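Read off the chains here:
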Amino acid sequence: MRDLGAGFHYLLKGQRWVARHGKQYGFGLIPGLITLVLYGAALAALANWGGDAVSWATPFSDDWSSPWRGLFRGFLTVVLFALALLLAVVTFTAVTLLIGQPFYENLSEKVDRDVSPDGTAPESGLPLWRELWISARDSLRIVIRAALWAVLLFALGFVPLVGQTVIPVIGFFVTGFFLTEELTAVALQRRGVDLRTRLRLLRARKTLIWGFGTPLGLSFLVPFVAVFLMPGAVAGATLMARELLGEETRDGDDESDDADDTDDADERTVSGGLGG
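Our subject in this report is the structure included herewith.

With respect to the nonpolar core
The biggest cluster of nonpolar side chains holds 42 residues, and the ones touching the most others in it are Leu 97, Leu 107, Leu 183, Phe 212, Leu 216, Met 230 and Val 234. Those residues in contact with Leu 216 that sit more than four places away from it in its chain are Leu 11, Leu 179, Leu 183, Leu 229 and Ala 233.

Quick notes on a positive patch on the surface
A cluster of like positive charges, contributed by Arg 145, Arg 196, Arg 200, Arg 203 and Lys 206, occupies part of the molecular surface. Examining the composition of the positive patch, we find that three residues originate from one element, helix 7 (residues 195-204), more than from any other. Counting through the fold element by element, Lys 206 comes out in helix 8 (residues 206-220).

Some remarks on the packing of aromatic side chains
Overall, the coordinates contain seven aromatic pairs when judged by the stated rule. Judged by centre distance (5.0 Å) and plane angle (50 degrees), the rings of Trp 64 and Phe 72 are tilted. Pairwise contacts between aromatic rings join Tyr 39, Phe 92 and Phe 220 into one cluster.

Some details on the packing of helix 4 (residues 101-115) against helix 9 (residues 225-244)
Remark: helix 4 packs on helix 9, axes separated minimally by 9 Å, with the N-to-C direction vectors making an angle of 50 degrees. Classified by the interaxial angle, the pair formed by helix 4 and helix 9 is oblique. The way helix 4 lies across helix 9 gives a crossing that is right-handed. On helix 9, the residues touching Tyr 104, Leu 107, Ser 108, Val 111, Asp 112 and Val 115 of helix 4 are Met 230, Pro 231, Val 234, Ala 235, Thr 238, Leu 239 and Arg 242. Of the residues assigned to the contact of helix 4 with helix 9, the class counts are nine nonpolar, two polar and two charged.

Some points on the pattern of salt bridges
Tallied over the entire structure, the rule returns 15 salt bridges. For Arg 141, the salt bridge goes to Asp 138, with nearest N and O atoms at 3.9 Å. Of this pair, Arg 141 and Asp 138 are both found in helix 5 (residues 128-156), three residues apart, which corresponds to roughly one turn of the helix. The class for Arg 141 is partly exposed, based on a relative accessible area of 42%. On the basis of relative accessible area, Asp 138 is assigned to the buried category, the value being 3%. Here Glu 181 and Arg 198 are joined by a salt bridge, their closest N and O atoms 2.8 Å apart. In this pair, Glu 181 is assigned in helix 6 (residues 162-190) and Arg 198 in helix 7, connecting sequence segments 17 residues apart.

About the criteria used
Residues numbered from 1 in each chain as written. Predicted model: local features only at pLDDT ≥ 70, side-chain atom pairs only at ≥ 80, totals over all residues. Heavy atoms only, no water. Core = buried A, V, L, I, M, F, W, Y, C linked by side-chain atoms within 4.5 Å. Buried < 20%, exposed > 50% of the residue type's maximum accessible area, 1.4 Å probe, protein only. Contact = heavy atoms within 4.5 Å. Patch = residues over 30% accessible without salt bridge, like charges linked within 9 Å, V, L, I, M, F, W, Y side chains within 5 Å. Areas by Shrake-Rupley, 256 points an atom, 1.4 Å probe, with all protein chains shown as cover. Salt bridge = Lys/Arg side-chain N within 4 Å of Asp/Glu carboxyl O. Lys, Arg positive; Asp, Glu negative; His and termini not counted. Charge placed at Lys NZ, Arg CZ, Asp CG, Glu CD. Helix = DSSP H or I, 4+ residues; strand = E, 2+ residues; numbered from the N terminus. Phe/Tyr/Trp six-rings, centres within 6.5 Å; stacked < 30°, edge-to-face > 60°. Axes fitted to C-alpha atoms, helices over the stretch in contact; angles between N-to-C directions. Parallel < 35°, antiparallel > 145°, perpendicular 65-115°, else oblique. Left-handed = near helix turned anticlockwise from the far one by under 90°. Nonpolar A, V, L, I, M, F, W, Y, C, P; charged D, E, K, R; others polar.

Here you go:
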């Protein structure tokens with residue numbers, strides 16, 4: 001239970017970090033907005049032509065009498081859209097991180113420098129194209145795993161009683177785990193940690209991962225929220241990655257606040273001197 005609370009604390013710390021660094025937060029919003037537009041267009045197209053696709057895929061029901069043909073195809077259309085929506089939630093982070101690799105890489109490095117005792121951040125030393133290739137390859141592997149889980153849990157959702165109680169809870173924890181894996185990958189990949197090692201690190205601290213990823217996954221169900229939480233989620237995942245690797249981290253909250261106060265005081269002094 002202690003790790004569960006610690007994971008949630010990292011989520012909050014990440015949001016606080018980007019709140020104090022408005023420029024990084026603004027740049028971090030761009031990939032999420034792009035992904036949101038792409039997913040919105042795809043879901044709108046599915047809502048518009050999903051019925052036609054189901055009709056094309058079920059020619060055997062053409063001769064069914066009314067209302068059974070309409071009910072059957074209507075049910076399949078709803079199931080298709082619900083499955084697409086579930087996959088969109090599961091894959092949103094992976095696609096956003098892939099689109100925004102340079103943005104989030106820069107944000108994660110700044111978090112590392114801010115909390116590192118020596119003010120440095122680990123660097124992969126790889127060219128950008130190589131980092132993008134590794135990120136895309138690993139993201140595809142995670143998306144496939146997450147999609148298999150999504151299909152399985154969706155099917156189990158039709159089991160009476162259990163499907164409406166236990167399965168949704170399991171689904172949120174599974175979603176939280178995969179969300180956290182994708183988010184921590186930004187910092188861990190820069191440190192040369194491969195996918196297999198990342199999964200082993202996360203599985204060793206499941207309650208910490210659930211405390212971070214599960215509430216984030218729940219919040220992502222609210223339209224547009226994912227876009228605004230993504231920069232802070234990357235920052236929080238970077239902080240948590242440091243703990244997973246046992247790296248020393250200083251709390252930069254007070255120092256950042258003091259620095260902000262000092263800057264404000266300097267500006268007032270300069271302004272006062274000019275006014276005088």
